[in-house]
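Here is how the chains run, residue by residue.
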Amino acid sequence: MKPDSNTEAEDDYWDLGDEEKIPLVPASRTDKSVESSEVSSGQEGEFEGSGEESEPEDEKVDDSSENELDIDASGEKDEEVPHLAGENQGGIISYLINAVSCLSMVEKVSLLSVLIILFGAASWGVSSYYENAPEPELVLFDEDFPIEGIYAAVAEIETYWRKPVRTGEDADHGVQLKACLIPCARIKLTGSGTAALAVSFRNSKQELIGDPISLDVENGMFKKTGSAEITLTSTAGFENPSEINAYMNEDIDPWSVLFVEGAPGTNPSYKKEDNELAKVRISNVNRE
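All of these numbers come straight from a predicted model, not from anything done at the bench. (Residues numbered from 1 in each chain as written. Predicted model: local features only at pLDDT ≥ 70, side-chain atom pairs only at ≥ 80, totals over all residues. Heavy atoms only, no water.)

(A) Region of interest: the confidence of the model for the chain. Here the chain shows a mean pLDDT of 74. Residues at 70 or above account for 62%. Ranking the elements of the chain by mean pLDDT puts helix α1 (residues 27-49) last with 46 and strand β6 (residues 221-222) first with 96. Contacts for the low-pLDDT stretch residues 5-16, under 50 throughout, to residues beyond four places or in other chains number 18 contacts. (pLDDT = per-residue confidence, 0-100. Helix = DSSP H or I, 4+ residues; strand = E, 2+ residues; numbered from the N terminus. Contact = heavy atoms within 4.5 Å.)

The structure is reproduced here in structure tokens:
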């Protein structure tokens, strides 16, 4: 059977006998109809073959579009956070200002009184601390020689450390057995003065170390040596030899030797610093 030429293309059919009639349509419309027919046939095949329901196309969401939405949403959130934080801070400040302004006169006076009391207590605590806190004693050592006293004059004083001599003719007498290093001082007089001297070695706390030493000076000479020079040693010192390393690094406050003078024939006390002739620090020189 031939198609009628007077009928439109959309209504024309091929005579395929008992088979389904296929309409003749333009190419563009044919592509669209083919796509729709493929989709429908595919869905029907799924329904018929697997028996499972397919999701509607309008309910499917493109993953890329969701990611873009998430990114946009996160970006807008990040941009809004500082703005919201600023608004919150401004709201807190305004709230505090309003809260203070809403206080009555009695409440304001009470609050001011409490602040004054707290400030006064803090000031009293700080002043009491500085008044009652122990202050370290400032120790001044003589470094410029010669030193002129009332009865005698000192030309120079040299100090150092060494191990005590336990045996022999030059053994150090009276040195404690536990002392490993002892301070020493070499004193040289000048002039022709006559005096009595009291010598004492002091530790870093200015406490007496060992035994005090008494010396008589006549016409600028030590009676014990018959010369203007004498070397003195302490009967106590460092009990641990490694302490000298800390002393050299100035981790330990300096030790010193004190000279107190008095009139000839007297016995001046080593504690009377009013008659101090000289005070010299023990150097960090170690003469082992």
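(B) Unusual backbone geometry, seen in detail. For the bond from Phe145 to Pro146, the omega torsion is 5°, close enough to zero to count as cis. Looking at the secondary structure, you find Pro146 in the loop between α3 (105-132) and β1 (147-148). Unusually for a residue other than glycine, Gln206 sits at a positive phi of about 60°. The backbone of Glu250 shows a phi angle near 65°, a positive value even though the residue is not glycine. Looking at Glu250, the relative accessible area reads 62%, which means it is exposed. (Buried < 20%, exposed > 50% of the residue type's maximum accessible area, 1.4 Å probe, protein only.)

(C) The arrangement of the sheet that holds strand β2 (residues 153-162) in detail. In spatial order, the strands read β1-β2-β3-β7; together these four strands make up an open sheet with antiparallel pairing. Both edges of this open sheet fall to β1 and β7 (229-233), since each of them pairs with a single strand only. In this sheet, strand β3 (residues 182-190) lies alongside β2 in antiparallel orientation, the contact comprising nine bridges. Following the sheet pairing, Ile157 is matched in β3 by Ile187. (Pairing = 2+ DSSP bridges.)

(D) Region of the structure containing a nonpolar patch on the surface. Taken together, the side chains of Leu111, Val114, Leu115 and Leu118 define a hydrophobic patch exposed on the protein surface, amounting to about 380 Å² of accessible area. Given a relative accessible area of 44%, Val114 falls into the partly exposed group. (Patch = residues over 30% accessible without salt bridge, like charges linked within 9 Å, V, L, I, M, F, W, Y side chains within 5 Å. Areas by Shrake-Rupley, 256 points an atom, 1.4 Å probe, with all protein chains shown as cover. Salt bridge = Lys/Arg side-chain N within 4 Å of Asp/Glu carboxyl O.)

(E) Up close: the nonpolar core. With 30 residues, the main nonpolar core has Trp161, Ile187, Leu215, Phe222, Leu232, Val257 and Phe259 as its most contacted residues. Elements with a minimum of two residues in this core: β2, β3, β4 (195-202), β5 (208-218), β7, α4 (243-248), β8 (256-262) and β9 (276-281). Considering each element in turn, this core owes the most residues, four residues, to β5. Ignoring anything within four residues of it in the chain, the contact list for Val257 reads Thr159, Ala185, Val199, Ser200, Phe201, Ala278, Lys279, Val280 and Ile282. Formed by five residues, the second largest nonpolar core is a distinct cluster that contains Tyr160, Val175, Ala179 and Ile182. (Core = buried A, V, L, I, M, F, W, Y, C linked by side-chain atoms within 4.5 Å.)

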